[in-house]
Amino acid sequence: DRASGRVLYTQNADELLPIASTTKVMTAMLALERSNPEDPVTTSANACGVPGTSIYLSIGETLTMHQMLLGLMLRSGNDAAVAIAEHVAGSVDEFVALMNARAKAIGATAHFTNPHGLDQGGNGASALGLAKIACEALGNPAFRDLVSTKSATLPWPGNLYMRSLANKNKLLKTYPGATGVKT
């Protein structure tokens, strides 16, 4: 229960398991805490072409932090995750250190190896740890607004059309009262 912090039910609550794209909850939370929505975020060669889901960022492309966060949370853009991490901390490794420190500070059993959740061995959290991270993130109104966004349009330099993002979280459309977080 987010309001009281009381655990209503558990089953294997402390078992560390891979968490895939729910890793991005921590990435977004830290970005919101350590940057401004209008900060320009430029895509590095390291961020461009990260495997898996993407918003197809180009090397040198600049979007605002808010736009990058929309790409991160609506479309689960792994390229946006790396661009955000590098902007916030200077490098992915430094950002991962921030992720692990923040998880420890809120008492979440979690270990991060990257900002996007692709399996690199060791990236994971317990169910209770992930719940604590989500509860902490939901305490930020900007995070709540972000994860409840159903769709957005972002600029796409060099193309004749804009990026159209639809939130991958189908619960936002199919379950009355759903407010998001992450698939």
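For every chain, the first residue of its written sequence is number 1, and the numbers climb from 1 along that sequence. Residues qualify for local features only when their pLDDT is at least 70, as the model is predicted, and side-chain atom pairs are given and counted only at 80 or more; totals for whole chains, interfaces and linings, by contrast, use all residues. Calculated side-chain values reflect all of the structure's heavy atoms, with hydrogen atoms and water omitted.

Draft legend 1. Spatial organisation of the pattern of salt bridges. The term salt bridge refers to a side-chain nitrogen of Lys or Arg lying within 4 Å of a carboxyl oxygen of Asp or Glu. Counting across every chain of the model gives three salt bridges. A salt bridge links R163 to E61; the shortest N-O distance between them is 2.7 Å. Here R163 is found in strand β6 (residues 163–166), whereas its partner E61 is found in the loop between β1 (40–42) and β2 (62–64), with 102 residues between them in sequence. Only protein chains enter the area calculation, which uses a 1.4 Å probe; residues under 20% of their type maximum are buried, those over 50% are exposed, and those in between are partly exposed. Looking at E61, the relative accessible area reads 6%, which means it is buried. E136 is the salt-bridge partner of R102, the closest N and O atoms lying 2.9 Å from each other. With a gap of 34 residues between them, R102 in helix α4 (residues 92–105) and E136 in helix α5 (residues 127–138) connect regions that are remote in the sequence. Judged by its relative accessible area of 18%, R102 falls in the buried class. Relative accessible area serves as the criterion here: at 35%, E136 is assigned to the partly exposed category. By definition, any uninterrupted DSSP run of H or I lasting at least four residues is a helix, any uninterrupted run of E lasting at least two residues is a strand, and each is numbered from the N terminus.

Draft legend 2. Spotlight on the packing of helix α1 (residues 23–34) against α4. For helices, the axis comes from a line fit to the C-alpha atoms of the stretch in contact; other axes are also lines fit to C-alpha atoms, and the angle between any two N-to-C directions lies between 0 and 180 degrees. Viewed as axis vectors pointing N to C, α1 and α4 meet at an angle of 95°, and their least axial separation amounts to 10 Å. If you check the angle between α1 and α4, you find them roughly perpendicular. Contacts from T23, M26, T27, M29, L30, E33 and R34 of α1 reach α4 at F95, L98, M99, R102 and A103. Each residue is assigned to one class: nonpolar for Ala, Val, Leu, Ile, Met, Phe, Trp, Tyr, Cys and Pro, charged for Asp, Glu, Lys and Arg, and polar for all the others, Gly among them. Taken together, the residues of the contact of α1 with α4 sort by class into seven nonpolar, two polar and three charged. We call two directions roughly parallel when the angle between them is under 35 degrees, roughly antiparallel when it is over 145, roughly perpendicular when it lies between 65 and 115, and oblique otherwise. Residue contacts are counted whenever heavy atoms from the two residues lie within 4.5 Å of one another.

So yeah, pure geometry; function would need other evidence.
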